[in-house]
Amino acid sequence: MSTPIPPHSAPPVLEVEELRTSLGSRRGRGNVVDGVSFSLSAGETLGIVGESGSGKTMLGMSLLRLLPRAAQIVSGSIRLDGRDIVGCTVAEMRDIRGAEIALIPQDPMVSLDPLFRVGTQIAETLRAHKPVAAGQAMSEAVELLRRVNIPDPELRAQAYPFEMSGGMRQRVVGAIGIACTPKVLIADEPTTALDVTVQAQYLALLQRLQRETGVALIVITHDFGVVAQICDRVAVMYAGRIVEQAEVGRLFDAPAHPYSRALIEASAAMANEGGGRRFPSIPGEPPPLFGRGEGCAFAPRCAFARDRCRREAPPQTSAGPAGHAVRCFYPLEGDAR
Amino acid sequence: MTTASPTRPLLELKGLGRHLTLARAPFSREATRTVSILDNVNLAIAENETVGLVGESGSGKTTTARIILRLDSPSSGQVLFSGEDVGRLDGRALKSYRRNVQPVFQDPYSSLNPRLSVATIVGEPLFVSGEFAKAERRARVLQALNAVGLQADALGRYPHEFSGGQRQRIAIARALTLQPRLLILDEPVSALDISIRAQVMNLLDELQQRMRMSYLLISHDLDLVVRVADRVEVMYLGTIVESGPTRSIAKERRHPYTRALFDSKLPAHPRERRAIAPIEGELASPLNRPRGCPFHPRCAMATERCRVEAPPLRADAAGHATACHMVEI
Amino acid sequence: MFQRLRFLPKGDPLASPHRRVPWFSLGVFAMLFVCGLFPGLVAPMDPLKANFLALNAPPLTTAGGQLYLLGSDHLGRDVLSRIVHGSSIALYVSLIAVLFSSVIGTTLGLLAGYYRGWVDQLVMRVADTWIALPTVSFAIFLTAMREPGATNIIIVMILVFWTRYARIVRGEVLSLRERDFVKLAITAGASPLRILFVHLLPNVINSVIVLATLLIGNVILSEATLSFLGLGVPAPHPAWGAMLADGRNGLMSNRWWATVFPGLAIILVVGASNVAGDWLRRRLDPNLRNL
Amino acid sequence: MGSFILRRLAYAILSLALLSVTIFFFVRVTGDPAALLAGADASAEQIERLRQEFGLDRSIPVQLVSFLFDLVRGDLGRSLFYNIPVSELIMARLPATLTICAATFALSVAVGVPTGIWTAINPDGWLDRAARAIAMFGMALPSFWAGLILILVFSVNLNWLPAGSGRGFSSVILPAVALSGYFIASNFRITRSAMLDVLNTEFITLTRAKGLAERRIILMHALRSSLIPIVTLSGINLALLINSSVAVETVFGWPGIGTLLFDSIAMRDFPMAQGIVVVIGVFIILCNFVIDVLYAYIDPRIRLAA
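Just so we're clear, the structure is a prediction, and the values are computed from it rather than from any experiment.

Caption draft 1: Here's a closer look at the sheet that holds strand E5 (residues 83-84) of chain A. Residue and element names in this part refer to chain A. Strand order across the open sheet formed by 4 strands is E2-E1-E4-E5, with antiparallel pairing between neighbours. Lying at the two open borders of the sheet, with one neighbouring strand each, are strand E2 (28-41) and E5. Two elements, strand E1 (residues 12-25) and strand E4 (residues 71-80), share 8 bridges in a ladder whose sense is antiparallel. What sits directly across from glutamate 17, in E4, is serine 77.

Caption draft 2: Expanded view of the pairing of strand E8 (residues 216-221) of chain A. Residue and element names in this part refer to chain A. The buried fraction of E8 is high, at 6 of 6 residues. Taking every second residue as pointing to the same face, both faces of E8 are buried, with Ala216, Ile218 and Ile220 on one and Leu217, Val219 and Thr221 on the other. Note: strand E3 (residues 45-49) against E8, 5 bridges, orientation parallel. Paired with threonine 45 across the bridge in E8 is leucine 217. Pairing of strand E7 (residues 184-188) with E8, which is carried by 5 bridges, proceeds in the parallel orientation.

Caption draft 3: Representation of the nonpolar core in the model. Among the nonpolar cores identified, the biggest contains 156 residues, and Ile140, Leu200 and Trp240 of chain C are the most heavily contacted of them. Tryptophan 240 of chain C has contacts with Leu32, Ile83, Gly86, Ser87, Ala90, Ile220, Pro262, Ala265, Ile266 and Val269 of chain C, leaving out every residue within four places of it along the chain. With 105 residues, the next largest nonpolar core counts Phe38, Ile96, Met168 and Val184 of chain A among its residues.

Caption draft 4: Up close: the packing of aromatic side chains. Evaluated as defined, the whole model comprises 19 aromatic pairs over all chains. Here tyrosine 236 of chain B and phenylalanine 295 of chain B contribute two aromatic rings whose centre-to-centre distance is 5.2 Å and whose plane-to-plane angle is 85°, an arrangement assigned as edge-to-face. Placement of tyrosine 236 of chain B in strand E9 (residues 231-236) and of phenylalanine 295 of chain B in the loop between helix H9 (256-264) and helix H10 (304-308) is noted, with a sequence separation of 59 residues between them. Classification of tyrosine 236 of chain B as buried rests on a relative accessible area of 4%. Connected via pairs of aromatic rings, a cluster forms that spans Tyr238, Tyr259 and Phe298 of chain A. The ring centre of phenylalanine 329 of chain A lies 3.8 Å from the NZ or CZ of arginine 308 of chain A, which sits over that ring. Over the ring of phenylalanine 262 of chain B we find arginine 253 of chain B, and its NZ or CZ is 4.0 Å from the ring centre.

Caption draft 5: Just the confidence of the model for chain C, in detail. All names here are of chain C. Here chain C shows a mean pLDDT of 80. Residues at 70 or above account for 90%. Least confident of the elements in chain C is strand E1 (residues 61-63), whose mean pLDDT is 73; most confident is helix H7 (residues 180-187), at 93. Low pLDDT, under 50, characterises residues 1-18; the predicted model gives this stretch 75 contacts beyond four residues in sequence or across chains.

Rules used throughout
- Residues numbered from 1 in each chain as written.
- Chains lettered and ligands numbered in written order.
- Predicted model: local features only at pLDDT ≥ 70, side-chain atom pairs only at ≥ 80, totals over all residues.
- Heavy atoms only, no water.
- Pairing = 2+ DSSP bridges.
- Helix = DSSP H or I, 4+ residues; strand = E, 2+ residues; numbered from the N terminus.
- Buried < 20%, exposed > 50% of the residue type's maximum accessible area, 1.4 Å probe, protein only.
- Core = buried A, V, L, I, M, F, W, Y, C linked by side-chain atoms within 4.5 Å.
- Contact = heavy atoms within 4.5 Å.
- Phe/Tyr/Trp six-rings, centres within 6.5 Å; stacked < 30°, edge-to-face > 60°.
- Lys NZ or Arg CZ within 6 Å of the ring centre and 35° of its normal.
- pLDDT = per-residue confidence, 0-100.

Given below as structure tokens:
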């Protein structure tokens with residue numbers, strides 16, 4: 001188990017401030033990431049939770065500056081060890097990606113080049129950032145495979161992706177992520193592609209790797225179980241905004257935003273063996289990207305919404321202990337259950 | 001929750017098996033192989049009962065559903081519906097079986113034909129049955145749409161105009177039109193967001209109470225099945241390894257695999273966070289199904305006997321059955 | 001070879017951020033139809049009437065009170081009128097060939113993809129062989145046995161082009177039949193006929209339309225090649241390829257118009273078919289593989 | 001890998017057999033082979049004699065077997081006009097055709113593929129727009145017309161290049177350029193769209209997230225995956241290349257099998273026409289077999305999973 005690090009005890013490796021990413025299409029332009037701020041220290045794990053369309057994946061890709069052509073960062077800053085990478089050149093970004101900020105993509109089945117051996121794909125990451133000979137890089141790749149619990153790593157390094165199971169590919173992608181011991185590692189939906197019994201294995205592996213390398217981990221997920229298991233802090237996203245962020249225990253005990261609270265109740269009910277027949281649910285559907293109104297994006301589905309919520313967007317305010325922030329005019333108080 | 005009635009079950013699977021013969025590719029040196037996907041599966045669903053079928057990929061749960069729906073045929077064993085052998089039905093009897101047993105599938109995007117209007121999609125079972133006049137079809141379609149919380153204005157619209165949750169409602173409405181007695185729910189909410197999942201599960205529960213249907217709920221999500229089902233069947237590599245009343249299974253977790261499934265559950269609250277003791281080994285696939293007990297390579301308790309002899313499924317007096325040499329009945 | 005379909009890209013070859021309607025190309029198509037169906041109304045003169053007072057007249061010549069807008073050929077026939085009348089044969093050949101090959105190919109593709117097994121093997125083995133036939137060489141071979149004429153090229157085109165439809169439709173049906181709505185139709189008790197024509201056909205029809213549009217250009221090009229070789233409709237009936245061939249001798253003495261203008265007509269129509277096909281693909285079916 | 005190639009070889013042989021059978025029945029359905037062999041102005045007696053001489057009075061299955069047997073031995077019959085074996089004639093003319101086809105192929109790959117790669121990396125730039133417009137024109141260009149225009153400009157007016165054959169390399173230029181218009185455009189389009197497809201995949205996103213150099217991403221990862229559709233299209237385009245080459249050969253008086261085929265009609269030389277069609281079919285099927293082997297080389301899934 002990772003030792004929880006209290007927020008802001010160490011100088012942050014990553015500070016994101018007022019990040020705004022917009023996406024254009026035929027139907028208009030909308031902010032997929034809308035004024036997001038957070039910071040992250042070495043060894044810390046931040047969970048970014050949200051449902052589909054909340055902008056969580058776009059936030060991850062913004063941090064790597066790997067956005068699709070139609071999307072771009074319009075304002076804000078991403079400071080890595082104090083250096084704002086929003087202003088970095090393409091060549092500078094290339095040196096940062098993989099070496100300082102690395103990604104473990106969502107779907108391991110389609111994230112490896114089908115035409116190259118697994119070992120080569122790990123070794124080329126090493127060679128892109130370090131002056132090592134091909135043979136040396138290959139033996140380091142084998143070592144990395146061993147570290148992510150791949151049996152017979154020498155043999156497996158020579159295999160092609162299609163010769164491996166989903167769980168094994170997931171670990172290969174993990175090995176690529178930690179290859180150059182980055183400062184920040186972004187794991188995009190680390191468990192969705194996996195079977196239940198393998199999920200737990202993989203999360204344990206991620207935690208072990210974090211302990212060994214001291215990397216700051218960002219876990220993008222829709223699953224509160226993943227958050228509860230491995231995160232130190234959580235940011236809940238809705239319609240491109242972080243509506244609430246807090247230390248993980250605090251968020252589960254006293255969610256202040258009606259959306260976080262409803263989500264936590266819904267997923268806790270799913271996980272609860274007892275309980276009545278009915279599941280607590282949230283009425284309605286998330287808003288579309290284009291044509292979001294003026295006010296709080298959650299207002300149409302919120303049981304507590306008042307006129308003001310529909311008129312103006314709530315700013316981020318403090319909700320109690322250090323590090324608990326919420327975007328709501330009428331934050332909730334008290335226990336979730 | 002209702003308890004299983006002592007009378008004849010609505011649907012019964014008896015010794016169901018499904019083998020695939022992997023054709024040898026021409027000029028390949030590999031020998032022809034037979035792969036066992038289902039092996040001696042027995043299962044019963046009573047009136048108005050919900051039976052949950054849990055398993056990971058390769059467990060054979062989807063094949064079981066396909067066989068019940070007559071999308072696939074078993075290599076051995078039978079499916080009995082109200083005591084009749086489903087494999088032998090044809091003509092009118094098959095028609096009547098089809099109207100009694102309807103599926104809802106996982107992917108709401110693939111379930112609805114993008115080129116057809118909602119009226120046509122929902123009305124198809126009625127149209128195909130050929131027993132209803134146009135006006136009655138329309139009335140029944142409207143009734144089904146209302147039952148899932150959709151309005152008449154949905155009729156002329158096309159699937160792409162609806163969100164995932166709404167599409168799943170449309171798929172459920174379609175299944176309801178012929179007033180079936182059994183719904184096969186194959187991962188009905190796994191493709192949906194958490195907030196929408198709850199909506200759909202509540203809807204299914206409400207419909208079951210109102211229409212007195214039986215459900216076969218197939219899912220990889222142990223939490224969901226345990227929460228909803230009256231009985232649970234745990235499948236691993238094509239066999240049922242544990243079966244019984246939900247409460248008893250959740251409490252006792254006799255089979256090591258069931259236990260592993262429960263132990264792999266992610267916590268609902270960070271305070272329940274624990275050092276995960278994951279089961280070892282790779283998830284096996286039907287292609288390299290181990291001899292003996294299929295779970296033995298990943299089982300901490302496995303003995304020599306488990307490696308050679310497949311354990312039979314043995315039930316106790318309360319109807320809680322386990323397939324494990326290490327479990328005393 | 002049919003397995004290769006999956007290797008072709010799904011993307012839209014000439015995706016552009018603007019999805020403008022290609023009015024120009026659609027206009028060219030409209031012109032082709034008007035000229036092809038009612039050449040007498042459009043053409044200023046009789047395409048067969050020789051005028052010995054206006055042999056090899058350059059464009060914009062006026063002779064005998066008539067304006068030769070695009071000049072005249074070595075028999076003094078008006079080039080513009082011959083191009084207009086030549087569109088009849090182009091339209092006739094392409095419509096018949098495309099219509100028959102799309103009906104045959106779509107039906108066989110639907111059956112092969114839905115039933116798989118030996119039906120699939122049979123259809124696709126034959127398609128594999130015939131798709132590789134070069135239409136022009138085969139049409140020449142056919143001409144060696146029969147009289148020259150438009151029928152030869154139509155027969156060969158149908159023999160070769162149904163395979164294109166069959167392969168595309170089969171590929172799509174193979175993936176469509178795994179979709180849940182097909183399983184749902186089966187569990188609702190729908191007959192195979194209903195599944196083929198109510199569920200599958202509407203989902204492949206867009207690809208068929210796109211392919212048909214693209215093939216019109218292809219057929220016109222092949223027809224022009226054959227008539228250029230003197231194997232199309234017999235003289236003196238005007239065909240674009242034959243007009244080009246007639247103009248060849250004049251080319252050596254720089255009388256370019258009798259060759260250049262029919263060639264431009266071919267380029268215009270074939271180009272319009274390609275542009276319109278690409279546009280339809282973008283509108284109807286962004287995932288259509290690039291064939 | 002071995003079993004994959006063996007299987008594809010079996011398919012190729014099956015295709016060859018199907019093609020031969022197609023031709024065999026084609027001839028018998030559309031006309032009387034004896035009359036065709038005898039020529040246009042033969043008497044009924046002559047036709048009857050030929051029928052016996054060539055065994056055309058035997059039953060259809062027997063004729064089919066002997067037809068196939070002759071093909072396997074490489075016996076394509078005798079030319080009526082030249083009165084020498086058709087195979088000799090074809091072998092004499094084949095190099096000329098292969099020369100312009102090879103030149104066209106080289107030109108279309110050398111121009112089309114790099115342009116496609118470049119425009120896929122920089123879509124919607126001015127070069128992309130220009131290349132797409134030119135490609136639209138190229139796809140519509142009848143090669144024989146292009147040949148005539150090239151002759152008009154470069155031979156008749158400028159007198160830079162020969163309009164006919166027999167002057168070594170310089171006489172290859174015009175026919176090859178005339179032929180390659182379509183194929184350059186086609187290679188450009190398929191390369192561009194395949195590259196755009198691949199560049200949108202998640203494995204390319206991961207190569208970027210790994211911080212690999214752009215050169216390596218494009219030339220090693222993206223291009224290698226794009227090669228499969230490019231090679232596929234080359235196979236399909238082969239038939240079109242042969243189509244166009246017949247007409248272009250006659251425009252330039254090029255002594256290849258295209259002109260030979262064209263002449264065989266004027267001379268009513270039926271065995272020659274049949275022989276050439278068979279050889280073209282064999283050539284296309286062989287090329288497609290080579291493409292299958294290339295697939296196995298490019299893609300380990302095909303090589304190992306088969």
